[in-house]
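# Structural overview
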Amino acid sequence: MGGSRGRTVRLWVALLAVLVAGLGSTVAQAQPRQPPPKPAAPRPPPPPKASPPKAPPPKAPPPAPRPTEPTPAKAPDPARPTEPARPSDEDPDPTHLPRHLAVPAPPWDHPLAGGWVKDFCAMQKPGESQQYGKKRVVYFQVAGAESVDRDPKIQAVGGADHTREAWVARQPLERFHNVETAIPGKPEWTRRESLDLSELESHVAAAPLERPFAGDVDRMRNPDLLAAERRFVAYSLACADYAIVQTITNTHITWGWVQIEEVSLGSQGKKGLAAGVKFYKLYLPTIRHEGEMGIFRRTGTRYERIAFIEADTDSPSNIDQPREMPAWNVVPRHVSAVPAPDCAVPRAVEGRPGLEACRSGQANAAMIAHDHWEVNGRVCEARAENNPDVWVQCEARTSAEHLLGLLQFESRKVDGFQLFGELERGSAWTSDAPAIALGDDEGVKVGYAFAAVDGDGDVRAFYKVTGVGTGGEQGHQLRSELDARFGRAPFGSELWEYPQKGITLLLKGYLGNLFLNDGPTDLVSGSLAGRRVQMPRELRGGTLSFAGELSFAFDDAEWWSRVDFSVLYGASPGVDLLLFPFDWPYLEKDFYLGQRLKLFIGAAFSACPLRVTLEGPDGRVSLGGFMPGGVADVGFDVMLSPEWYVRAEGHFRGYGEPNYNDGDEEAVPEWAEREDHFLSAATRAGIGYVW
């Protein structure tokens, strides 16, 4: 389920912190790099306090529609919990729970937050130079979000509102000066070759706006707030460098039963940290989107399209995470607040300040509701066994975030959006290290890649960011530190951002030995009587690994979270052994040793189903079982290119005694007396690809 992604990542880190602490003698802990000091930023004056939104007065039910008219879709009231109709405790619809069990979705009201207003007309247009300059960008709200409401069960819990809110909270990239609006662009705009400024301004002035964000009560009750936003967006469009329009073109929704696993960590006791696992099933949707993005560059009074991007959520995504999350009631520095309704917005003229009397303003907090992991934290963390509505809301949000992440990733490759800068000597930490003056102000993060490219477009030097400087005006004094992964470019060379999602797929072969198993066993009863059998001493097989980079979470380069699927086979006279280990959650830390070379260490929990087949002169018996355990590995990576690498490692695996609960164990009672632990040491080697 897409809606479980954010919660799963947080769970991985919590569990792996316990595992790594227990393996402290094996797994080296890298100290995260401390960021350089930042110049103090002026704090915006506090906005006028808005009275808390009150629930609207009850309305008389609307008259029933005529038989020939379709029933209008009514958006849920943001000031009260919304719950789909449940006709009876015996409701046959599996999406519903009996009334005495169901807990309605809580309201998600967002107060207005204060921040600085960005005056695009007063900002100097970034020129062509050896250093990326922050562009001025106007984002329209995504069109087509209402497609999720075609499903009445999703509409009943405000699916379109949650889709819009997650989108608008995540779309502004830190590399830009951003003005956002709740007004969606027209769906057909993404395929237009150009847009006239007067057309955009007319659309902003007249576009219908039903409910821009879930919980946006203040804006709906105060038309002056919306009028102020319209004036400000039209003013910004006249001086912006780019306008971005996006639309969800198609939505596929499927429902099915999903088994939910909740792991809770208890208190520390004499026997260690107590943990509990709870399983239950819910009937939930999976939402898959297709979408488009149009990027338009302003030339005078026209916006010319420079990029058209398509994406669908069948491919893996990694949303561009803000490096530092703002406080709940403060607009982040890369997003503009909206001037107060009483602020006079003049006619826009490039290069002439027009909002000097409107330096501070407000924005709906739905636009800035960043959590450390995802915007969906407040919703997705509220999921429980008895609130399926909240699970549906979470899926609506994470599916929207997934599509947005794919569009964002492709937009970072567009000329004008791609970061670039000069390779300089000396970072904020090391005086002679390769460095770049881009940093936190432009949204650079640990793990970002930069490359020096020759005239044919081939990468001749490749660098990874290991420490983030301040960027902006202080960027040349407190530069971001780079590590050369292969090749070396002369200082003064131009480096270009090399966008990577930080997702890897790795195929490995496995060759190892088994230890700590019982010796031979004489079978004296049943169809296998007269045979002496013992466990195999060797295992062969393969492993498929899927990993995602966690450097942004630790603020330290080359942290990865991994999951491994393996199939291992061993044979000895009379015994065939098959193991199907599932190693998760896997925490891995890599260390740069030199050009192209990395050392890595990792550890994980493991769940291992197995099947043992015993053969005798008169028949065979198959026993299936399960055993828990843990794994650890240490090895080396050699980079072949920015995308390809090879890996060799020493791999260690250990389990408790298996529980044979599948098969005819009574047919071989002697087998039940064995005490096998399946400790193995192996060599694994393979090839990996990085997206």
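The structure we're discussing is the one just above.
Let us look at the structure shown here. Keep in mind it's a predicted model, so treat the numbers as computed, not measured.

### A closer look at the state of the cysteines
Inspection of every chain in the model, using the stated rule, returns three disulfides. The disulfide that involves C380 links it to C394, with 1.9 Å between the sulfurs. Its S-S torsion of about 100° marks the bond between C380 and C394 as right-handed, since a negative value means left-handed. Here C394 lies in helix 8 (residues 388–411) and C380 lies in helix 7 (residues 377–380), a separation of 14 residues in the sequence. Taking relative accessible area as the criterion, C380 reaches 0% and is therefore assigned buried. The class of C394 is buried, set by a relative accessible area of 0%. If one numbers only the bonded cysteines of the protein, in the order they occur, the disulfide pattern is 1-2, 3-4, 5-6.

### Focus on the packing of helix 3 (residues 159–170) against helix 8
Relative orientation and spacing of two packed helices are given, respectively, by the angle between their axes and the distance between those axes. It is at 8 Å that the axes of helix 3 and helix 8 come closest, and there the two elements cross at 40°. It follows from the interaxial angle that helix 3 and helix 8 lie oblique. The crossing of helix 3 and helix 8 is right-handed. Here G159, H162, T163, E165, A166, W167 and R170 of helix 3 come into contact with helix 8, specifically with Q393, A396, R397, A400, E401, L403, L404, L407 and Q408. Along the lines of polarity and charge, the residues of the contact of helix 3 with helix 8 split into seven nonpolar, five polar and four charged.

### Some remarks on the packing of helix 4 (residues 197–206) against helix 6 (residues 223–237)
It is the contact of helix 4 with helix 6, at a shortest axis distance of 9 Å, that shows an interaxial angle of 170°. Here helix 4 lies roughly antiparallel to helix 6, going by the angle between them. In this structure, helix 4 contributes L197, L200, E201, V204, A205 and A206 to the contact, and helix 6 contributes R230, V233, A234 and L237. The residue makeup of the contact of helix 4 with helix 6, split by class, is eight nonpolar, no polar and two charged.

### Re the pattern of salt bridges
Taken as a whole and judged by the stated rule, the model has 40 salt bridges. The shortest N-O distance in the salt bridge between E497 and R175 comes to 2.8 Å. Taken as a pair, E497 in strand 16 (residues 494–497) and R175 in the loop between helix 3 and strand 3 (176–184) lie far apart in primary sequence, 322 residues in all. For the pair formed by E497 and R175, the shared burial category is buried. The salt bridge partner of R192 is E199, with a shortest N-O separation of 2.9 Å. On the accessibility criterion, E199 (24% relative accessible area) is partly exposed.

About the thresholds
Residues numbered from 1 in each chain as written. Predicted model: local features only at pLDDT ≥ 70, side-chain atom pairs only at ≥ 80, totals over all residues. Heavy atoms only, no water. Disulfide = S-S within 2.5 Å. Helix = DSSP H or I, 4+ residues; strand = E, 2+ residues; numbered from the N terminus. Buried < 20%, exposed > 50% of the residue type's maximum accessible area, 1.4 Å probe, protein only. Axes fitted to C-alpha atoms, helices over the stretch in contact; angles between N-to-C directions. Parallel < 35°, antiparallel > 145°, perpendicular 65-115°, else oblique. Left-handed = near helix turned anticlockwise from the far one by under 90°. Contact = heavy atoms within 4.5 Å. Nonpolar A, V, L, I, M, F, W, Y, C, P; charged D, E, K, R; others polar. Salt bridge = Lys/Arg side-chain N within 4 Å of Asp/Glu carboxyl O.

That is the geometry; function is a separate question.
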